[in-house]
Amino acid sequence: MLRSRGFSLLELLIAAALGVVLTAAVVQLFAGSSRGNAALAGQALLQESARHTVALLSRSARNAGYLGCGGQDGIVNGLNGSWRRIVEFDVSRPVEGFDGRGANWVPDIGILPTTRGSSLAFAGNRIDADELRPDSDIVVFRRLEASGRPLARSLSTVLDPVTGEGEDPRVTVDEGLAFATDDFVVVSDCRQSALFRIGTIDTVGRVATLSRPSAGGPFANRAGHSLSPDDEPYGGGVGPEGAGVRRVVTEIYFVARGAGLNNRDETVWSLWRKTGADRPAELVQGVDDLQVLFGVDLTPVDGVNAPNRYLPPGQFGGNPIRTIHFVATVSSVDSVLAGDRVLRRSFPWTVALRNG
């Protein structure tokens with residue numbers, strides 16, 4: 001008769017030890033695979049954030065300074081405030097920068113629409129200065145919309161001797177009017193251009209009249225003020241001849257605290273943009289820092305439109321800017337590396353200004 005025989009204690013201990021080793025190996029394999037997948041996901045997010053950041057800033061830089069068929073002798077400011085007091089619509093400066101130095105900026109950001117002592121009218125849509133990333137730069141781009149509206153008839157700029165007001169521009173309406181009340185726009189032909197604020201819009205058939213009433217305050221139209229430096233009509237005395245009206249677009253890019261949290265329950269840094277008088281919008285998460293250098297032409301009289309030096313904001317005076325060098329530091333947002341570390345890389349690139 002056969003007798004059944006079980007495992008000995010030594011055999012059980014050996015089997016248990018082998019099981020522990022195999023289990024530990026499988027756990028280690030899965031843990032390594034999980035870390036690898038997290039690192040790959042973090043790398044993909046970092047690359048995507050960098051791609052969007054480069055595309056957004058590059059597009060705004062290339063379009064900066066576009067004035068359509070603008071005047072050759074500068075833009076007439078038809079508002080009460082000086083260009084520095086209406087910085088959101090200061091089309092006399094296509095590009096502007098602010099060098100972050102700790103909690104301070106050069107020049108001071110007090111002229112920007114921020115909560116730091118700004119006197120601008122659009123207080124409800126200001127940038128929260130307390131949320132800005134210390135040491136990160138701020139860059140501003142200004143242009144006119146490519147799609148405007150042609151004048152329906154030539155615009156006389158001779159002031160009325162009784163009211164002291166000039167004629168209101170009339171524009172052609174096709175598939176819908178591009179403007180709204182309180183828009184800041186520029187009327188221009190190939191000789192002259194001027195900034196004014198739209199009051200009311202009166203549309204009759206395919207022609208809309210854009211009123212420009214005068215009032216007090218820096219953002220109101222100046223009373224008794226001509227839109228022409230020489231009181232010349234826009235479009236000549238016969239027809240509009242290509243004259244038109246376009247909306248002013250100002251884009252302010254900055255790095256500030258974002259709305260989301262990472263996997264360590266920390267607030268993340270993001271790239272933000274404030275467009276015109278609108279509320280600031282969060283664009284790209286994981287942008288930890290933005291540095292800007294301006295390629296400045298220190299010898300513009302030599303006829304060579306190329307930068308001689310790269311300087312931080314506030315150090316080049318009135319010399320023309322030919323290129324902009326950006327460095328964006330972008331992260332994976334979440335910790336994806338060993339030791340609970342965040343993946344982080346810096347991306348440098350340079351953009352030539354088309355309208356410099």
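Just above sits the structure.
So, how was this worked out
- Residues numbered from 1 in each chain as written.
- Predicted model: local features only at pLDDT ≥ 70, side-chain atom pairs only at ≥ 80, totals over all residues.
- Heavy atoms only, no water.
- Helix = DSSP H or I, 4+ residues; strand = E, 2+ residues; numbered from the N terminus.
- Buried < 20%, exposed > 50% of the residue type's maximum accessible area, 1.4 Å probe, protein only.
- Contact = heavy atoms within 4.5 Å.
- Areas by Shrake-Rupley, 256 points an atom, 1.4 Å probe, with all protein chains shown as cover.
- Pairing = 2+ DSSP bridges.
- Axes fitted to C-alpha atoms, helices over the stretch in contact; angles between N-to-C directions.
- Core = buried A, V, L, I, M, F, W, Y, C linked by side-chain atoms within 4.5 Å.
- Patch = residues over 30% accessible without salt bridge, like charges linked within 9 Å, V, L, I, M, F, W, Y side chains within 5 Å.
- Salt bridge = Lys/Arg side-chain N within 4 Å of Asp/Glu carboxyl O.
- Polar contact = N/O pair within 3.5 Å; in protein donor to acceptor, adjacent residues only side chain to side chain.
- Phe/Tyr/Trp six-rings, centres within 6.5 Å; stacked < 30°, edge-to-face > 60°.

Chemist: Whenever I open this one, the overall build of the protein chain confuses me. Can you help?
Modeler: Broken down by element type, the protein chain carries one helix and 17 strands. By the burial criterion, 44% of the 356 residues in the protein chain qualify as buried. Put simply, 65% of the contacts in the protein chain that link residues at least 6 apart link residues at least 24 apart. If you sum the accessible surface of the protein chain, you get close to 17,700 Å²; carbon and sulfur atoms cover 54% of it.

Chemist: What should I look at first to understand the sheet that holds strand β9 (residues 201–204) in this one?
Modeler: Either a parallel or an antiparallel arrangement is found when strands of a sheet pair, and the pairing is made through backbone hydrogen bonds. The sheet built from three strands is open, its strands ordered β6-β10-β9 with antiparallel pairing. Each edge of the open sheet carries a strand with a single partner, namely β6 (170–172) and β9. Here the average twist between neighbouring strands, direction ignored, is 25°. One ladder, built from four bridges, connects β9 with strand β10 (residues 207–210); its direction is antiparallel. From the neighbouring strand, Asp202 faces β10, where its bridge partner is Thr209.

Chemist: How do you make sense of the nonpolar core when you look at a structure like this?
Modeler: Nonpolar side chains in soluble globular proteins tend to be buried together. With 32 residues, the main nonpolar core has Leu57, Val95, Phe141, Leu290, Phe294, Ile324 and Phe326 as its most contacted residues. Those elements that place two or more of their residues in this core are α1 (9–63), β4 (138–144), β11 (244–261), β12 (267–275), β14 (287–296), β16 (321–337) and β17 (341–352). Once you skip the residues sitting within four places of it in the chain, Val95 turns out to touch Ala64, Val140, Phe141, Phe294, Ile321, Ile324 and Leu353. Core analysis: the second largest hydrophobic core is formed by 17 residues, Phe179, Val187, Ala208 and Ala243 among them.

Chemist: I'm lost on a nonpolar patch on the surface in this one. Help?
Modeler: There is a patch of nonpolar side chains on the surface, built from Leu10, Ile14 and Leu18 and spanning about 310 Å² of accessible area. Overall, the relative accessible area of 52% leaves Leu18 in the exposed class.

Chemist: Can you walk me through the side chain of Asp183 in this structure?
Modeler: Of note, Asp183 is situated in the loop between β6 and β7 (184–188). In terms of polar contacts, Asp183 uses its side chain to reach the side chain of Arg247, at 2.9 Å. Those residues within four positions of Asp183 in sequence are excluded, and the remaining contacts are Ala178, Phe196, Arg197, Ile198 and Arg247.

Chemist: Help me understand the pattern of salt bridges, please; the structure alone is not making it clear to me.
Modeler: Any two side chains of opposite charge can pair if their charged atoms end up close together. Inspection of the entire model under this criterion finds 17 salt bridges. Here Arg191 ties to Asp189 by a salt bridge, and the two come within 2.8 Å at their closest N and O atoms. Residues Arg273 and Glu251 are paired through a salt bridge, measuring 4.0 Å at the closest nitrogen-oxygen approach. In this pair, Arg273 is assigned in strand β12 and Glu251 in strand β11, connecting sequence segments 22 residues apart. On the basis of relative accessible area, Arg273 is assigned to the partly exposed category, the value being 21%.

Chemist: Help me understand the environment of Ile138 in this model?
Modeler: Secondary-structure assignment places Ile138 in strand β4. Considered as a pair, Ile138 and Trp105 are 33 residues apart in the sequence and their alpha carbons are 8.7 Å apart. Excluding its chain neighbours within four sequence positions, the residues that come into contact with Ile138 are Glu96, Gly97, Phe98, Trp105, Ile109, Leu112, Leu132, Ile252, Tyr253 and Phe254.

Chemist: Looking at this structure, I do not really get the packing of aromatic side chains. What am I missing?
Modeler: In this description, an aromatic ring pair is defined by two values, namely the gap between the centres and the angle between the planes. Taken as a whole and assessed by the stated rule, the structure comprises six aromatic pairs. With centroids separated by 6.0 Å and ring planes inclined at 65°, the aromatic side chains of Phe141 and Tyr253 adopt a geometry described as edge-to-face. In this pair, Phe141 is assigned in strand β4 and Tyr253 in strand β11, connecting sequence segments 112 residues apart. By relative accessible area, Phe141 is classed as buried at 2%. Taking relative accessible area as the criterion, Tyr253 reaches 0% and is therefore assigned buried. Seen from their ring centres, Phe326 and Trp349 are 5.0 Å apart, and the 25° between their planes marks the pair as stacked. One end of the pair, Phe326, is in strand β16; the other, Trp349, is in strand β17, and 23 residues separate them in sequence. Through a chain of ring-to-ring contacts, three or more aromatic side chains come together here, namely Phe89, Phe184 and Phe219.

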